[in-house]
Amino acid sequence: MIISVASGKGGTGKTTVATNMALALGEKVELLDCDVEEPNAHLFLKPQITRTEKVETPIPLIDLEKCTACRKCSDICRFNAIAVVGKKVLVFPELCHSCGGCMVVCPEKAIVETGRELGTISYGHRNGIRFINGRLRVGEAMSPPLIRKVRAAADPERVTIIDAPPGTSCPVIAAMNGADFILMVTEPTPFGLHDLRLAVGAVRVLGIPCGLVVNRSDIGDQKVFAYAESEGLPILMTIPFDRRIAEIYSRGKAIVEEMPEWKERFVDLYRKIEALATSRSGASQCVK
Amino acid sequence: MREIVIISGKGGTGKTSLTAAFASLAENFVLCDADVDAADLHLLMQPATRHRSDFMGGSKAVINSALCTGCGTCIELCRFGGINDRFQVDAIRCEGCGVCVDLCPVQAIDFQVQRCGEWFISDTRFGPMVHARLGIAEENSGKLVSLIRKESRQLAEERGHDLIITDGPPGIGCPVIASVGGATVLVIITEPTVSGIHDMERVVDLASHFKVTGMVCVNKFDLNLEMTEAIEQLARKRNVALLGRVPFDPVFTRSMVEGKNIFEYGEQTATQEQVRVIWKKIIRSPSMNPLGIVDFKATIQ
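Residues numbered from 1 in each chain as written. Chains lettered and ligands numbered in written order. Predicted model: local features only at pLDDT ≥ 70, side-chain atom pairs only at ≥ 80, totals over all residues. Heavy atoms only, no water.

Asker: Just to check I follow, could you spell out unusual backbone geometry for this structure?
Answerer: For residues besides glycine, phi is generally negative; the peptide bonds are generally trans as well. Located in the positive-phi region is arginine 71 of chain A, a residue other than glycine, with phi close to 75°. In this structure, arginine 71 of chain A sits in the loop between strand E3 (48-62) and helix H3 (72-76). For arginine 71 of chain A, a relative accessible area of 39% gives the class partly exposed. A positive phi angle, close to 55°, is found at lysine 220 of chain B, a residue other than glycine. Within the fold, lysine 220 of chain B resides in the loop between strand E8 (213-219) and helix H8 (225-237). (Helix = DSSP H or I, 4+ residues; strand = E, 2+ residues; numbered from the N terminus. Buried < 20%, exposed > 50% of the residue type's maximum accessible area, 1.4 Å probe, protein only.)

Asker: Would you mind going over the environment of lysine 87 of chain A with me for this structure?
Answerer: Residues and elements named next belong to chain A. Considering the arrangement of structural elements, one finds lysine 87 in the loop between strand E4 (82-85) and strand E5 (88-91). Here the alpha-carbon distance between lysine 87 and cysteine 99, two residues 12 residues apart in the chain, equals 24 Å. Among residues more than four places away in sequence, those in contact with lysine 87 are Thr68 and Ala69. (Contact = heavy atoms within 4.5 Å.)

Asker: Looking at this model, I keep getting lost on the interface of chain A and chain B. Mind explaining?
Answerer: How big an interface is tends to be reported as the loss of accessible area on association of its parts. Listed by partner, the interface residues are 61 residues for chain A and 59 residues for chain B. With both chains or domains summed, chain A and chain B bury close to 4,700 Å², and 61% of this area falls on carbon and sulfur atoms. For the chain A face of the interface with chain B, the top three residues by lost area are Glu38, Val138 and Phe191 of chain A, together amounting to 16%. For the interface between chain A and chain B, the tally reads 3 salt bridges. Here chain A and chain B share 28 residue pairs in polar contact (both at pLDDT 80 or more) between them. At the level of secondary structure, the elements contributing two or more residues to the side of chain A that touches chain B comprise helix H2 (41-45), helix H4 (101-105), strand E7 (129-136), helix H6 (170-176), helix H7 (190-206) and helix H9 (243-250) of chain A. At 9 residues, the largest contribution of residues to the side of chain A that touches chain B is made by H7 of chain A. Residues that form the side of chain A that touches chain B fall into these classes: 27 nonpolar, 20 polar and 14 charged. (Buried area = accessible area lost by both parts, 1.4 Å probe. Salt bridge = Lys/Arg side-chain N within 4 Å of Asp/Glu carboxyl O. Polar contact = N/O pair within 3.5 Å; in protein donor to acceptor, adjacent residues only side chain to side chain. Nonpolar A, V, L, I, M, F, W, Y, C, P; charged D, E, K, R; others polar.)

Asker: Even after reading the chapter, I still don't get the packing of H7 of chain A against helix H8 (residues 223-231) of chain A, so can you show me in this structure?
Answerer: To describe two helices that pack against each other, one gives the angle between their axes and the distance between the axes. All names here are of chain A. For the pair H7 and H8, the least separation of the axes is 10 Å and the interaxial angle reads 25°. Regarding the angle of H7 to H8, the classification is roughly parallel. Of the two possible hands of crossing, H7 and H8 adopt the one that is right-handed. Residues Leu193, Leu196, Arg197, Val200 and Arg204 of H7 lie in contact with H8, whose contacting residues are Lys223, Val224, Tyr227 and Glu231. Looking at the contact of H7 with H8 residue by residue, the classes come out as 5 nonpolar, no polar and 4 charged. (Axes fitted to C-alpha atoms, helices over the stretch in contact; angles between N-to-C directions. Parallel < 35°, antiparallel > 145°, perpendicular 65-115°, else oblique. Left-handed = near helix turned anticlockwise from the far one by under 90°.)

Asker: Hey, could you run me through the domain arrangement of chain B in this one?
Answerer: Residue and element names in this part refer to chain B. Segmenting chain B into domains produces domain 1 (2-46 + 125-300) and domain 2 (58-115). Each of domain 1 and domain 2 has a C-alpha centre, and the two are 41 Å apart. On the side of domain 2, 6 residues touch domain 1, which itself brings 4 residues to the contact. Between domain 1 and domain 2, roughly 310 Å² of surface is buried when both sides are summed, and carbon and sulfur atoms account for 23% of that area. When residues of domain 1 are sorted by the area they lose upon contact with domain 2, Glu138, Glu139 and Asn140 head the list and together hold 84% of the total. On inspection of domain 1 and its partner domain 2, the count reaches 1 salt bridge. Between lysine 60 and glutamate 139 there is a salt bridge, with its nearest N and O atoms 3.4 Å apart. Counted by class, the side of domain 1 that touches domain 2 contains no nonpolar, 1 polar and 3 charged residues. (Domains from an automatic or database assignment.)

Asker: Explain the packing of aromatic side chains to me, please; I cannot follow it from the model alone.
Answerer: Here a ring pair, both rings aromatic, is described through the centre-centre distance and the interplanar angle of the planes. Under the definition given, this model contains 4 aromatic pairs over all chains. With a centroid separation of 4.8 Å and an interplanar angle of 20°, the aromatic rings of phenylalanine 44 of chain A and tyrosine 249 of chain A are classed as stacked. Of this pair, phenylalanine 44 of chain A sits in helix H2 while tyrosine 249 of chain A sits in helix H9, and the two are 205 residues apart along the sequence. We classify phenylalanine 44 of chain A as buried; its relative accessible area is 3%. Of the residues examined, tyrosine 249 of chain A reaches a relative accessible area of 16% and is grouped as buried. A centroid spacing of 5.1 Å and a plane angle of 35° characterise the contact between phenylalanine 22 of chain B and tryptophan 279 of chain B, whose relative ring orientation is tilted. Linking phenylalanine 22 of chain B in helix H1 (residues 15-25) with tryptophan 279 of chain B in helix H10 (residues 270-283), this pair joins segments that are 257 residues apart in sequence. As far as the burial class goes, phenylalanine 22 of chain B and tryptophan 279 of chain B line up, both buried. (Phe/Tyr/Trp six-rings, centres within 6.5 Å; stacked < 30°, edge-to-face > 60°.)

The structure is reproduced here in structure tokens:
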């Protein structure tokens, strides 16, 4: 079972929900931090990191001895990552999408592949909870390939909880595609609702059942509740604004550990997700 | 032309609310919303659209089943798992590289340009605004950001404005990189939480990677004073100017609900004065006035 925790708007509490649900469920789960641009889950889960490895994406390396400057490579490249100037071939590594087209079309077999560092992936654990996170290299623009690498490391035997990045574009899609359930964390403000609508639109493109957590549920204008009702989106949990929770979060602590009454609520949240993800009616909730 | 880009790393620290507040304090400027995949600034600006254009992004492969011989070349070549064994393209996985299009032995694959979103030039009560909407689940957000920043610059030149205020996206990836290149200063809005400080540090790294001056403002500073001090210490260590502190003030949410910024909401709070001081620090900073000239136009005249 793969649960992806997403939101549209940033700062609504994705990481809070993902880490607390993981800690409440304990041993049978794994937490994948797929917000690779700004990974934060480790700050709250505090896992023991056992291994960190570099992740690269292939980019072309031209053998100028063999190259005849025929321009076939620059012609096929849709990303302007190769330019032929006179007899010289220039590669712009940061523009390359690693499609391998240049290598296939080169008649002289003058192109081999080297790597561009996307970032790192770390593996660790805490109280039997398996933890994996991706960390995009500063200056690297493409996060989806790194997110896909983090996803590929998932253990199918466990309940996988994914902490997704904010937004609605390709990085979020990479963190949601193929999940069994999308848990949307929102807040009842105009910004929260506006971005939630976009995010729900993205989930519907993927056709995955979803439900809501309304964080800081007593601030703002409450319009999100009417929206959820009209769209048939189940509200699985509400978290009222509580300065204690804000302070616990600010110090990097887990709510389920500092306020134990929340543990059962997060276990209950998981039970609701499980029921919705496996039932037919649940599956229809978000797939309009 | 000077451009202030407001970013944060972490989402939800108050970029858009503060951008909207700055709009009340600035003069002769163009507003630009570069958070194209979750744009919110228009909710506070109620822009009246004067011009709308489609944003044509990358292309996607489409297999013409009448011509396809099922040879499997495309499946073999595609590195993104974008074609299934029934020779259908998964639009979500298709990277738009066109390798299958070029190398299909019977030219059975079309490469159709996608409409990835739309962008607008609008009027607001603060002046012109350039903003966009990326299509849901679309790619090329960086390309769209570059486009609307270019349009903002052009519009500012046409109108004789010498300032652009850009509300940036969260993170440090593609759309953020497209937002920071060529900016005059980056105003980094952070919050006193472990994630706020962690994410701010990555944004400061990004600013120095692209050699743009960064300045830090701590929003909701009173949620955790110790953490606020740690942020300020880090800023000093990294040689990033400190703009000041903004308290955790429910007036931000209340004015958002009314579609206003905190100056328009009509409630006098100490927060307004603090935001005013921060704005003055930004606009009078040496980075914004490279020759020590605060009002360039007045000086030339």
